[in-house]
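Geometric and topological summary
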Amino acid sequence: CFAADVVQWMSRDGRYQGALPLIPIMIGVFFLQGLAPVGSTAILVAERTSWQPAIQLLHVAGVIMANLVLTQRWGATGAAWALLLSSGLFSAMYLFAGHYAHPLNLEWGRLAALALGGALLTVGVAHTSHIGIKAAGELPRYHRKKADLVSRRAPEAPPASKSVAR
């Protein structure tokens, strides 16, 4: 598996092999954490920064509660899931507050497709390297083919100008 090779490369003595099941969860955390600045920027633009302490306090409460429940029962895996849930809560709060303060023009379908594609690719890379690597290799090739098709289109003729006889 590709993830196992990377973890083995990072630590030759095998200390981190137990962390392999956490990699897909942590990649989801990074995706969710990347969404929060979209909402916080909208809050800043709308000058509603007084909302941020409440969002931060709710986030901290969510982190503590999720860790108390999940880490005690499932250890490190529970801690990873707690981080994923609290990051989702944090991003959702910022996105909804940001959209309320200053309407966001987001392509929710594209974000959902990105999340689903990222989840499938992560699972593929983490569990079966040949599937994940092939899928990752196909994405740039797909975009190149699409760009080639767009560049092959015939350029549109400029509109004919009407000449006025003098």
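Residues numbered from 1 in each chain as written. Predicted model: local features only at pLDDT ≥ 70, side-chain atom pairs only at ≥ 80, totals over all residues. Heavy atoms only, no water.

**Looking at unusual backbone geometry**
- The backbone of Glu47 shows a phi angle near 55°, a positive value even though the residue is not glycine.
- Residue position: Glu47 is located in the loop between helix H2 (23-45) and helix H3 (52-101). (Helix = DSSP H or I, 4+ residues; strand = E, 2+ residues; numbered from the N terminus.)

**Quick notes on the environment of Trp81**
- For Trp81, the location among the structural elements is in helix H3.
- Using a relative accessible area of 40% as the deciding quantity, one classes Trp81 as partly exposed.
- Residues Trp81 and Ala66, spaced 15 residues apart in sequence, show a C-alpha to C-alpha distance of 8.3 Å.
- Dropping the residues within four chain positions of it, Trp81 is found in contact with Ile25 and Leu70. (Buried < 20%, exposed > 50% of the residue type's maximum accessible area, 1.4 Å probe, protein only. Contact = heavy atoms within 4.5 Å.)

**Some thoughts on the confidence of the model for the chain**
- Averaged over every residue, the pLDDT of the chain is 75; the share at 70 or more is 64%.
- Ranking the elements of the chain by mean pLDDT puts helix H5 (residues 129-152) last with 50 and H3 first with 90. (pLDDT = per-residue confidence, 0-100.)

**Some remarks on the packing of aromatic side chains**
- On inspection of all chains with the given rule, the structure shows two aromatic pairs.
- Pairing Phe90 with Tyr94 gives two aromatic rings, centres 5.0 Å apart and planes at 90°, and the pair type is edge-to-face. Remark: Tyr94 and Phe90 occur in helix H3; sequence separation between them is four residues, near one turn of the helix. As far as the burial class goes, Phe90 and Tyr94 line up, both buried. (Phe/Tyr/Trp six-rings, centres within 6.5 Å; stacked < 30°, edge-to-face > 60°.)

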